[in-house]
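Here is what each chain is made of, one letter per residue.
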Amino acid sequence: MRSVIALLLLLAPAAAAQAKFEFWPGAKYDPAIPAIEKVLGYEVGTRHPSHAEFLRYFEALQAAAPGRIKVVEYGKTFEGRKLIYAVVGSEANLRRLEEIKAAQKKLADPRKTTEAEARKLAAETPAVVALICAIHGNEISGPDSAMVSAYHLLAAQSDALVDSVRKNAVVLIDPLQNPDGRDRFVQSYRQNEGLEPDPSPVAAERAEPWPGGRSNHYLFDLNRDWFTLTQPEIRGRVKYLLEWLPVAVADIHEMGADSTYFFAPWPAPNNPNMTKEQVERASLFGRNNAKWFDKFGWPYFTREVFDLFFPGYGGSWPSYLGGLGMTYENASVRGLVVRRSDETLYTFRESVQKHFVASMSTCETAAANRQKLLEEFRGYHVTALEEGQKGAVKEYILPRRGDVSAVDKLAHVLVEQGVEVRRATAAFTSAGKQYPAGSYSVPLAQPRQRLARTLLDAQTAMAADFVKEQERRRKKGLSSEIYDVTAWSLPALYNVECVAATEPSQGEFEAVAGVYAPKGAVGGKAQVAYVVPWGTQAAGRFLTAALRSGVKLLSAGKPFTQAGRKYPSGTLIVMVKQNAADVHDRVAKAASASGAEVIATDASWVEEGINFGSNNVAAVKRPVVAMLWDTPVSSTSAGHTRFVLERQYGYPVTAMRVSSLATADLNRFQVLIMPEGGYAAAVAPAAVERVKAWVRNGGVLIGIGGASGYLSSPAVGLLGLEQEAQARDGAKPAESAKPSAPGAPPPPGKILASSEDYEKAIKADVEMPDAVAGVLLRAKVDPETWVTGGLPETVNVLLSGRTIYAPLKRDKGLNAVVFESADRLLASGYVWEENRKQLAFKPVVVTRNEGRGAVVGFTVDPNFRAQMDGLNVLFLNAVFRFPGATGRGGMEE
């Protein structure tokens, strides 16, 4: 009863009118600047604004104070919502925004600015600070704090802190990094709110339905995308941060309701490409935050949980521009009020206030230390150049061979992040090795040296003492303190070659600029056929574009040689006479859009291998692809898979709710994808039987991750994978001890003579392998399966978790891709030694024919975060290349 009364007192309008909540106690505001309640019709913290309402308020601020705030649109989401940031500062500073940007760029490139010029710039230039909020859409207090911060910086009167910030800083406020996720949360909350805000942790208003508001339209966790730039929200944000080069970036988040508040400094492990000065600078900001939190009596924590080892966070990636990125985490209400486990009530506006105060503290620190921060910013780039000049590795070479379209894309992804890249206009030699024209050089004597190293180094090592501590914890059965993946090397993700050169390459080079835009052309007008070598991303784009344009395609099931050139399995063939008269135009358009290499041939004769008319050449007709969606599917796995097919390869997918399996006409589909998910309790036996009948009738069923395990379960039986327990030096696990019968004597006692004996005694008879943080592992490809056409001998896969499967027996199917031997397994990252040994030769991809159809099982997710470019062809093979599925116009009843 007391808690209900307290809740009513907190939220009652009459009480609010008597004692209005003050976000900054005692502040006086200029009435010419519109308060939030005047524009939106309600006070901050009493309702959750939508994306449109945020736009309305920032536009109102700009209209009221055009000389002190500028709203900039930097992109649109997939759902068409504007992405904006606001530039806030004094009138004098806003009049010189282009000058400030130019000064930052001069400080960031010591090659173009003398030491004296740099000192002058540091003395005269304001510090640029960025407050970026709610990359996870349902982390709700950050955007509202952004409105309060903007209002306070514009309207506060007689405030020394604000005066200092206005004079000495320019503040970028990105109020809503993920508008699509935010509006998904707001809609869910508004649909489920009742008579009054409900503090219950299990109230429907805060229990979002699948997929929740955390992710963007394609269900990506945007806070993992900063270094691969797959999503428009991140690409736009990276572009403006490169324009401004802020000295401090606060990435504003939320965590569980029972938590307090986290700010820098962060815990180990540190990324070795962050400098000692940056780590020390984190304490500068942290101490000032602590000062303000002490004034308000708020608890907080530092140096725990939220490490910045991985460069894909909004709190880590900006640091490689020379400033400092920091993660701020606030306890989330996920509504308007929540009852914590200690029975206290925590309100939305309290959470907004904490982020607001932390934001003001951050701005204060940057303003007070303006010149010092700018000088250190300059120093960061001076030492980056020096390290690049003196280091053992002078440049990285990306040879343009293998999947050349992946190489091209990688080079441009680096350029989009500000890394200097050169393209060879002619073949060249480095350290006695030949490299073809079009290859790329990434010199390390450049301002972005540390970012280039972070993205291209084959291995980024965690500190030895940190690793030792994780091993100690593991032996005690404690969880690892590694927050995310331990491997992200872009060449490994793309499965392309990257050569560390000890001397700069000499030759003819040109600077690479702009966003990756594949361009292809046809080598002449064919009389007989067009041939597209398989095995590249560009060939995959050609495949989907050609199918959608009505081109009749063939796919070679085995390699062949024509006109002295070898073509791999999977190579696409377009027979001119079997297509419409305009086939030449259609092929040209597909080639241009995809960037694929298309060879025109006037003869079908081959010197080696199969002919175009062989039974090992199958027609590829356009399959209709369905993918399971909604509970219990992993939203990220589903979103990543859909994004890869739809946005990277331009092929539509029907998202089918799992509940529809029982009634949908599956015969309308040729391919069904089951992303990661917990299906056992969600799919009825009758639906399972319908799916099995569909597969036997010619369908291709693709299971990803845990879905492959589900398809192997006795209830389904479409795959034969068996999950392994932890191996113990080749010995079989001991049988579990049987409990003694009532009244029976106890088992004989044991003498434990050492700590080793004790450790053995407490170890369970059967244990699962220890969970592995994300690590890149090598896998061997069997070239003679339909699902591996066009692939190189090895591919890299990202493994996380503890699931290890035994290889399929020959009578159960094929092991198309298996992990490498233990001594060759690790490509990048850190893997427990026991897991390394046990994973050797275990399956990555398995296939099994079932009637006229097939089942493909991926034991790892080939589309993880849409970052595994080197596995794109493998996944496209599974979708498009099954000989029994291709060539069918539909399904038989």
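Keep in mind the model is a prediction, meaning the values are calculated, not measured.

What counts and how
- Numbering of residues begins from 1 in every chain and follows the order in which that chain's sequence is written.
- Restriction of local features to residues with pLDDT of at least 70 applies here, the model being predicted, together with a cutoff of 80 or more for giving and counting side-chain atom pairs; totals for whole chains, interfaces and linings are based on all residues.
- With hydrogens and water stripped out, all remaining heavy atoms of the structure feed into the side-chain values.
- Two strands pair under a simple rule: DSSP has to find at least two bridges between them.
- Helix numbering and strand numbering both begin at the N terminus, where a helix is a DSSP run of H or I of at least 4 residues and a strand a DSSP run of E of at least 2.
- Comment: axis = line fitted to C-alpha atoms, over the contacting stretch for helices; angle = value between 0 and 180 degrees taken between N-to-C directions.
- Categorising residues by exposure relies on relative accessible area from a 1.4 Å probe, with only protein chains included: less than 20% of the type maximum marks a residue as buried, more than 50% marks it as exposed, and the intermediate range marks it as partly exposed.
- Pairs of N or O atoms are called polar contacts if they sit within 3.5 Å, as long as, within protein, a hydrogen donor faces a hydrogen acceptor (for residues adjacent in sequence, only side-chain-to-side-chain pairs).
- Note on contacts: a residue pair qualifies if any of its non-hydrogen atoms lie within 4.5 Å across the two residues.
- Roughly parallel refers to an angle under 35 degrees, roughly antiparallel to one over 145, roughly perpendicular to one between 65 and 115, and oblique to any angle outside these ranges.
- Following the grouping adopted for this structure description, the nonpolar residues are Ala, Val, Leu, Ile, Met, Phe, Trp, Tyr, Cys and Pro, the charged ones are Asp, Glu, Lys and Arg, and the polar ones are all others, Gly among them.
- Between 30 and 60 degrees the pair is tilted, below 30 it is stacked and above 60 it is edge-to-face, where a pair is any two Phe, Tyr or Trp rings, Trp via its six-membered ring, whose centres lie within 6.5 Å.
- Whether a charge sits over a ring comes down to the Lys NZ or Arg CZ being within 6 Å of the ring centre and within 35 degrees of the ring normal.

Engineer: Can you break down the sheet that holds strand β24 (residues 572–575) residue by residue, with the values?
Structural biologist: Pairing within the open sheet is mixed, and its six strands lie in the order β19-β25-β20-β24-β21-β27. If you trace the sheet from one side to the other, it starts and ends with β19 (521–523) and β27 (617–620), each paired once. The average undirected angle you get between the axes of adjacent strands in this sheet is 30°. Two elements, strand β20 (residues 529–532) and strand β25 (residues 597–601), share three bridges in a ladder whose sense is antiparallel. Residue pairing across strands places Tyr-530 opposite Ala-600, the latter belonging to β25.

Engineer: Let's hear about the side chain of Glu-254: which residues, and what values?
Structural biologist: You can see Glu-254 is positioned in strand β7 (residues 248–255). You can call Glu-254 buried: its relative accessible area is 5%. Only 3.4 Å separates the side chain of Glu-254 from the side chain of Arg-334, close enough to count as a polar contact. Apart from the residues within four sequence positions on either side, Glu-254 is in contact with Asn-138, Glu-139, Ile-140, Ser-141, Glu-329, Asn-330, Ala-331, Ser-332, Arg-334 and His-355.

Engineer: Before we move on, could you go through the packing of helix α21 (residues 635–648) against helix α26 (residues 872–880) and cite the residues and values that matter?
Structural biologist: Running from N to C, α21 and α26 cross one another at 90°; their axes reach a closest spacing of 12 Å. Here α21 is positioned roughly perpendicular relative to α26, judged by the angle of their axes. Here α21 contributes Thr-641, Val-644, Leu-645 and Gln-648 to the contact with α26, which in turn contributes Asn-872, Phe-875 and Leu-876. Here the residues of the contact of α21 with α26 sort into four nonpolar, three polar and no charged.

Engineer: Give me the packing of aromatic side chains: which residues, what numbers.
Structural biologist: According to the stated counting rule, one finds 41 aromatic pairs in the structure shown. Considering the side-chain rings of Tyr-74 and Tyr-240, the 4.9 Å spacing of their centres and the 70° angle between planes classify their relative orientation as edge-to-face. Within this pair, whereas Tyr-74 is found in strand β2 (residues 69–76), its partner Tyr-240 is found in helix α11 (residues 232–244), the two being separated by 166 residues in sequence. With respect to class, Tyr-74 is no different from Tyr-240; both count as buried. Taken together, Phe-227, Phe-262, Phe-301, Phe-306, Phe-309, Phe-310, Tyr-313, Tyr-483 and Trp-488 form an aromatic cluster joined through their ring pairs. Its end group placed over the ring of Phe-509, Arg-422 keeps NZ or CZ at 4.0 Å from the ring centre. The ring of Trp-629 has Arg-642 sitting right over it, with the charged end atom 4.9 Å from the ring centre.

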